[in-house]
Amino acid sequence: MTGRERFLAACRGKAVDCTPIWIMRQAGRYLPEYRALRSRHSMETALRTPAIAAEITLLPLKHFSLDAAIIFSDILPPLTAMGLDLAFVPGHGPRIDNPLQTPKAIDLLGVPPAEEAMGPTLEAIKIVRPELDARNLALIGFAGAPFTMASYAIEGGSTRTFARTKAFMYSEPAAWDRLMVKLSGVTIDYLKAQVAAGVDCVQLFDSWVGALSRYDYKRYVKPYSHRVLSAIEDSTLVIHFSTNTGTYLDAVAAAGGHMIGVDWRIPIDEARARVKKPVMGNLDPSTLLAPWRELMPHAQEVMQRIGGQPGHVFNLGHGILPETPIKNVQRLVDYVHNYCHG
Ligand code: 1CP
C-alpha cells in the first residue's frame, strides 16, 4: 500500500499492510531546518507566504518515512480575520491584545469567508498537493474546535485554569452561544475550503476542552463541535482530537469524527472500546526524550494494546516537544512500520 492508501484506510477502520504514522506538530521547532527558516522569517510571514508554508510542510518528509503531512498553518489566524489582534510573540506564544470580554464584543466579531480569512493556507495546500501526489502521501488539513478557539479569544493567550473562559460561559450563556455559532460557522467554511483545495482528511483540534467536566462539555461545547463535524463528515475524513477527555471520550466521539485522537492518559484499547470508532494516538510526547531502550517499550505497549485490529493511526498523544532528538523520531517511525502483530 502507499502511505496515502494506508493512512486513509486506517482512518476508515479498514485493514492495512502496516500501521500508518504521522506526528502531531511534525512541522515544527524540533527540526533544524524549521528553526533556520524561522530565524529569517517571522511566524506571521511563514503563515502568510504560501511558498514558505509549503516548504515547512514538506520538511519532516526529508527525515522520516511518514504516511501523511499536515499543512503548516496554525489554529489561531482565523481569529485575526474575525477582528482580534493576534500576535505570535517570540519566546512566549500567541497573544491577543483585545480579548473578548463582553457580549457586545462578540456581536462585533466578523464571520469572514475562508478565502479572506485563510487565503495563504489554501494556496499552500494547492502547492503541496502535487508534491504529495508524487510521493503517494496523504495531506491533512486542520482547524481549531470552537471551544479551544473561544478559550484563546477570551483569555487572550495560554492559560492554566481557563477561569475567564468558564466565567464567561457560565455568566453569559446567550453570548457564549452566539460566539460558538460564529466560530463554528467560520470553521465549517474554512474546513470545506481546505477540502476543495486538496486535503485528504481534516483534523479538528479541541486541545484544551479537557479542562471541562462531562456535564459542561455536553452543555456548552458538544452541540457546536457536532455542528462543525456533521457539516463536513460527508465530504471528507475527519479526525476529532482532544486531550484530557478520557473520562468522557464517549461524549467527544458522539459529537462526531470518523477517527478519535486520544492523549496518553488513557490506554488506547480502553479508548477504542469507549468510542467504538477508529483511534489515533497515544504515545506520550516526552517518551521521545528518553533513550531508545525506554522509548521502545512505550511504543510497543501502544501496538500490543491495538493488537493488530484495524482502525489505528499511530501518533503522539499531543504535539512533539521542541527538544526532541530527530534520531528518536526516525527510529519510532521505522519501528511502527516494521511492527509485526504475532
Ligand atoms: O506540524 C505542524 O506543526 C503543523 C502546523 C501547526 C499546527 C497543527 C502549528 C504551527 N500549530 C498547530 C495547531 C495549534 N496551534 C494548536 C493545536 C495543536 C496542539 O494542541 O498542539 C494550538 C493549541 C495552537 C496554538 C499555538 N500556536 C501554540 C500553543 C500555545 C499554547 O497555548 O500552549 C503555539 C506555541 C503556536 C505557535 C506555533 N504554531 C505552529 C508552530 C510551529 C508554532 C511555534 C512557532 C515558533 O516558535 O516557530
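Up top is the structure.
Residues numbered from 1 in each chain as written. Predicted model: local features only at pLDDT ≥ 70, side-chain atom pairs only at ≥ 80, totals over all residues. Heavy atoms only, no water.

**Q** What exactly am I supposed to notice about the overall build of the chain here?
**A** If you tally the helices and strands in the chain, you get 15 helices and nine strands. Scaling as 2.2 N^0.38, a compact globule of 342 residues should have a C-alpha radius of gyration of about 20 Å, and the chain matches this with 19 Å. Out of the 342 residues belonging to the chain, those deemed buried represent 57%. The long-range fraction of contacts in the chain, counting pairs at least 24 apart against all pairs at least 6 apart in sequence, stands at 73%. Carbon and sulfur atoms form 52% of the exposed surface of the chain, whose accessible area is close to 13,700 Å². (Helix = DSSP H or I, 4+ residues; strand = E, 2+ residues; numbered from the N terminus. Rg over C-alpha atoms; globule rule 2.2 N^0.38 Å. Buried < 20%, exposed > 50% of the residue type's maximum accessible area, 1.4 Å probe, protein only. Contact = heavy atoms within 4.5 Å. Areas by Shrake-Rupley, 256 points an atom, 1.4 Å probe, with all protein chains shown as cover.)

**Q** Is there a simple way to think about the pairing of strand β4 (residues 138-144) in this case?
**A** Taken residue by residue, a regular strand's side chains alternate between the two faces of the sheet. Counting buried residues along β4, seven of its seven residues qualify, which places the element largely inside the surrounding structure. Of the two faces of β4, the one lined by Ala138, Ile140, Phe142 and Gly144 and the one lined by Leu139, Gly141 and Ala143 are each fully buried. Two elements, strand β1 (residues 68-70) and β4, share three bridges in a ladder whose sense is parallel. The residue bridging alanine 68 from the neighbouring strand is alanine 138, located in β4. Sheet topology places β4 next to strand β5 (residues 201-206); five bridges connect them, and they run parallel. Paired with isoleucine 140 across the two strands is cysteine 201, which belongs to β5. (Pairing = 2+ DSSP bridges.)

**Q** Where do I start with the site of the ligand in this structure?
**A** The immediate surroundings of the ligand are formed by 23 residues, with Tyr34, Tyr152, Ser158, Ser207 and His318 found nearest. Within the side chain of arginine 25, one N or O atom sits 3.2 Å away from a nitrogen atom of the ligand. Within the contact set of the ligand, an oxygen atom lies 2.5 Å away from a side-chain nitrogen or oxygen of serine 207. Relative to its unbound accessible area of 880 Å², the ligand is 88% covered by the protein chains. Here the residues of the shell around the ligand sort into 14 nonpolar, five polar and four charged. (Near = heavy atom within 4 Å. Polar contact = N/O pair within 3.5 Å; in protein donor to acceptor, adjacent residues only side chain to side chain. Nonpolar A, V, L, I, M, F, W, Y, C, P; charged D, E, K, R; others polar.)

**Q** Explain the pattern of salt bridges to me, please; I cannot follow it from the model alone.
**A** Any two side chains of opposite charge can pair, on the condition that their charged atoms come close. By the definition in use, this model includes 14 salt bridges. When the shortest N-O distance is used, the salt bridge between arginine 129 and aspartate 200 registers 2.8 Å. Here aspartate 200 lies in the loop between α10 (173-197) and β5 and arginine 129 lies in helix α7 (residues 114-135), a separation of 71 residues in the sequence. Owing to a relative accessible area of 9%, arginine 129 belongs among the buried residues under this scheme. Arginine 214 is the salt-bridge partner of aspartate 250, the closest N and O atoms lying 2.8 Å from each other. With aspartate 250 in helix α12 (residues 249-255) and arginine 214 in helix α11 (residues 214-232), the pair connects residues that are 36 residues apart, well separated along the chain. A relative accessible area of 31% places aspartate 250 in the partly exposed class. One network of salt bridges, in which partners are shared, links Arg4, Arg129, Asp133 and Asp200. (Salt bridge = Lys/Arg side-chain N within 4 Å of Asp/Glu carboxyl O.)

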